[in-house]
Amino acid sequence: MCNTTDINREMGKHEIALNYCSNKHAVQKGANPAPKLILDGEVVEFVAGDTILQVAERAGRGHLIPRYCYHPGLPIAGTCRMCTVEVEKMVKLMTACSTPAADGMVVHTKTERVLKSRAGVMEFLLINHPLDCPVCDKAGECDLQDNNYRYGPVTSSFLEDKRTYPKAATKKLSEKITLNMNRCVHCERCVRFSEEVVKSCDLMMVNRSWHKELTLADDKLGLTSEYQGCLSDFCPVGALTFNDFRFVKRSWFLQRHPSVCDGCSKGCNIEVHSEDNIIYRFTPAYNEKINGHWICDTGRLSYHQVMDPTRIVRPMLAHNGALQATSWELAQAATGHLLETAKKVKVVIGTDATIEEIRYLQAALPDMFGSKFTFRSFNGTGTLSTSSQDKKLDHLLIMQDKTANLRGAEECKLAPLENGQINDSDLVLLVRFGRSAVPAVGNGQKLILLGVWNSAEQASLGAAVEVMLPGLATVEKSGTYINCDGIRQQFIPAVVHLGEGMAVNRLLRFTKK
Amino acid sequence: MATKTVNVSRPYTWQEKFYLFAIVQGLLITLKHFINGFFLRKHNTIMYPEVKREYSNRFRGSHFISVDKNKTENCTACYLCQTVCPAECITIVAGERESSKNPDGVKKEKRPVRFDIDSLRCCFCGFCEEACPKDAIKLSGKYEMAATSRSDTKYDLIYLKREVKGRG
Ligand code: SF4
Ligand code: SF4
Ligand code: SF4
Ligand code: SF4
Ligand code: FES
């Protein structure tokens, strides 16, 4: 949500594209003094070009005006009529989302006429609504439920049969999205999203009024965009639901904590939804400078990597040529012994490590074991090794670099690994957190693995692995990433790690007696 | 603070001192029960387990889940009972019902894959029954819930879907 300090901030072109309309008019120079209007008896300032709803949002009072079709990231449509407010000297009720605010307007959001209109809209919406709440994945975070609880009529005067869409009852629009047409309130957010934001134009409304129906532009193709999960985020009802979350959890059980997506160098802001530290989904968190209201599906599904059952979450030690689970004391002692006795150690840090982790390794290892370390970074997205080679893969968010902190590694003066090959050292400390690829390791070098590894990745390195020290994934730790645009983002743990993994500084602290 | 003791004893009346009256009173009560039980056959106890106690229709006993005519459970795995349960003894895992097993079409697309009630934790408050939007979970009149092992006290979906006549 915007606050008044955001208003004067300059916005780049990319940001305006992300925040399609909410802050479109934010750049206003020389508009002095700011225009004002009276909202429910309180004088609020606004920026010329705002609509009444945006004025209310800027003043932090957006909750006073219910809405279905308005979404700050989408163009304004004004189709649902839920947002009507009373404006003095205007005969009819006005839709707050699409009426431009004017200096000196007097707006009321709670008069009897307004409440009656809202109850009317609610009654009309509920005429044909199936009230599937027990099976609907939206229940608990559904605008229709919330608005009906606040503004809806207690009874319905509709006795006839409800309209149903027999064919489209539940239909998979793609691998990721299921449509239940009976629940749709025809707000057309999804259509505007596909046309204006992701520009895939794969959804459209056919027919009118009673028969209005959401369909795919091409039935065979299905949905094609990389941002399908967003459809289920902003669909105000449970019409579009994300298959990965389908029937998995009821939303009221989930705790929500902010974090940063480490799926690519964009570093989108996310909300981690978990119960008892088991993650059930990622959703986008609004950040006007980075991701706006959206995240891509790959990032959204990347919680599976944190929850991966094959992820190694116990320290392991090579014994008779095979890695076996062990205790931290033994693993740390073995690590200390290896680092002590080796002559030349190469530390290869994936560019998915946080700045703090890189700095810690750079400072602590030579401090503890002397200057036999060479530090290198490894990215592994194709041949990419510096941030200048990184490029956008689409017009919205997705970046080519699939690690989160290449810029941060450069800031720590970490040189990229030559040719992506590790040669000529006795011991290699491989630090990566599940995102950067696994570099090729030449023969005759012992290996210590640290961070987030799954068993396949570990197995790919063969018998050279002496010790495996499990670390924490992004959502489980705190740290700083610098994203592709040079924005520095700090984050704190969103969930508590459920295995035995440890933060890097804790983990290496006891390797030396 | 000084404690003040109040003596509440009183002297016995002469009837109380002459305790034969009380003994006769007691003997009369015994005689009444003897006549009721032995000659008139009116019992206050029953010969359990041959004879079962009749409880009120509103008695809250072991849970069951009602089924429709296809023997499909009415439960749609909405988790409302799990949410409301004060003892936190219900564990549900939801899943999708195969369309072939779902003659009612979209109405029953969601189903409980697992539905466990830990009857040792349950306090038989009946909130789950109250919360259920589908009238699926109910408390039957069954009050014999003793079990010989702990695992038997965990009711699973198969047990919960048992046939219950009336309220059991
Ligand atoms: S969309 Fe909302 S109101 Fe409709 S069934 Fe789902 S939760 Fe209930
Ligand atoms: S599917 Fe959802 S977002 Fe799309 S028109 Fe219907 S209610 Fe709106
Ligand atoms: S009767 Fe009460 S305690 Fe027992 S399962 Fe139902 S809600 Fe829980
Ligand atoms: S028994 Fe009733 S309340 Fe419990 S999950 Fe099933 S439908 Fe919902
Ligand atoms: S929110 Fe204003 S008309 Fe829909």
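The written sequence of each chain sets the order in which its residues are numbered from 1. Key to labels: chains lettered from A, ligands numbered from 1, both in the order written. Local features in a predicted model are, by the rule used here, given only for residues with pLDDT of at least 70; side-chain atom pairs are given and counted only at 80 or more, and totals for whole chains, interfaces and linings are based on all residues. Calculated side-chain values reflect all of the structure's heavy atoms, with hydrogen atoms and water omitted.

Please set out the pattern of salt bridges residue by residue, giving values where relevant.
All names here are of chain A. The term salt bridge refers to a side-chain nitrogen of Lys or Arg lying within 4 Å of a carboxyl oxygen of Asp or Glu. For the structure on display, the rule yields 30 salt bridges over all chains. Close ionic contact of lysine 176 with aspartate 297 constitutes a salt bridge, the shortest N to O distance being 3.1 Å. Taken together, the residues lysine 176 in the loop between β6 (171-172) and β7 (177-179) and aspartate 297 in helix α8 (residues 297-301) connect sequence positions 121 residues apart. Whether a residue is buried, partly exposed or exposed follows from its accessible area with a 1.4 Å probe, protein chains only, as a fraction of its type maximum: under 20%, in between, or over 50%, in that order. For aspartate 297, a relative accessible area of 1% puts it in the buried group. When the shortest N-O distance is used, the salt bridge between lysine 477 and glutamate 357 registers 3.1 Å. Here the residue lysine 477 occupies a position in the loop between β23 (465-470) and β24 (479-482), and glutamate 357 occupies one in helix α11 (residues 355-369), the gap between them amounting to 120 residues. Numbering of helices and strands starts at the N terminus; helices are DSSP runs of H or I of at least 4 residues and strands are runs of E of at least 2.

Provide a residue-level description of the layout of surface pockets, including the pertinent values.
Residue and element names in this part refer to chain A. Taken as a whole, the largest pocket spans an internal volume of roughly 1300 Å³. Cavities and pockets are found on a 1 Å grid laid over the protein atoms alone: a cavity is a set of points where a 1.4 Å probe fits but cannot escape, a pocket is an open set with protein on both sides within 12 Å along at least five of seven lines, and a lining residue has an atom within 4 Å of such a point. Lining of the largest pocket is provided by 42 residues; of these, His71, Asp143, Arg189, Asp233 and Phe234 occupy positions nearest its centre. At the level of elements, α5 (143-151), α7 (228-234), β10 (240-242), β12 (269-275) and β13 (278-284) are the ones that each hand at least two residues to the lining of the largest pocket. Of the residues assigned to the lining of the largest pocket, the class counts are 18 nonpolar, 10 polar and 14 charged. Grid points are joined across faces, edges and corners, and a volume is the space filled by probe spheres set on the points. Empty space within the second largest pocket amounts to approximately 470 Å³. Forming the walls of the second largest pocket are 17 residues, and the residues nearest its centre are Cys80, Phe124, Leu125, Val185 and His186. Throughout, the ten residues Ala, Val, Leu, Ile, Met, Phe, Trp, Tyr, Cys and Pro are labelled nonpolar, Asp, Glu, Lys and Arg are labelled charged, and all others, Gly among them, are labelled polar. Of the residues that constitute the lining of the second largest pocket, the class distribution is 7 nonpolar, 6 polar and 4 charged.

Give me the lowdown on the nonpolar core, citing residues and values where you can.
Nonpolar cores were defined as sets of buried Ala, Val, Leu, Ile, Met, Phe, Trp, Tyr and Cys residues, with membership established by side-chain atoms within 4.5 Å. Residues A:Phe193 and A:Leu365 are the most contacted members of the largest nonpolar core, which totals 90 residues. At 6 residues, α11(A) tops the list of elements feeding residues into this core. Contacts are assigned to residue pairs with any non-hydrogen atoms lying within 4.5 Å of each other. For A:Phe193, the residues in contact, after removing those within four places along its chain, are A:Leu74, A:Val198, A:Lys199, A:Tyr227, A:Cys230, A:Leu231, A:Phe234 and A:Trp294. Counting residues in each nonpolar core, the second largest holds 24 residues, with B:Cys75, B:Ala77, B:Ile92 and B:Tyr155 among its members.

An account of the site of ligand 4 is needed here, citing residue identities and associated values.
By convention in this text, a residue qualifies as near a molecule or strand provided that one of its non-hydrogen atoms is within 4 Å of it. As a structural note, the neighbourhood of ligand 4 is formed by 14 residues, with B:Cys75, B:Cys78, B:Tyr79, B:Cys81 and B:Cys132 the closest of them. Partitioned by chemical class, the residues of the shell around ligand 4 number 12 nonpolar, 1 polar and 1 charged.

I'd like a description of the pairing of β23(A), backed by residues and values.
Residues and elements named next belong to chain A. Among the 6 residues that make up β23, 5 are buried, leaving the element largely enclosed by the rest of the structure. Any two strands are treated as partners once DSSP identifies two or more bridges connecting them. Judged from the 5 bridges that link them, strand β22 (residues 446-452) and β23 form a sheet pairing that is parallel. Note on β23: the bridge partner recorded for leucine 447 is valine 465.

An account of the site of ligand 2 is requested, with residue identities and associated values reported.
Among the 14 residues in the neighbourhood of ligand 2, the closest are listed as A:Cys184, A:Cys187, A:Glu188, A:Cys190 and A:Cys235. Residue classes in the shell around ligand 2 are distributed as 11 nonpolar, 1 polar and 2 charged.

Spatial relationships are all this shows, so hold off on functional conclusions.
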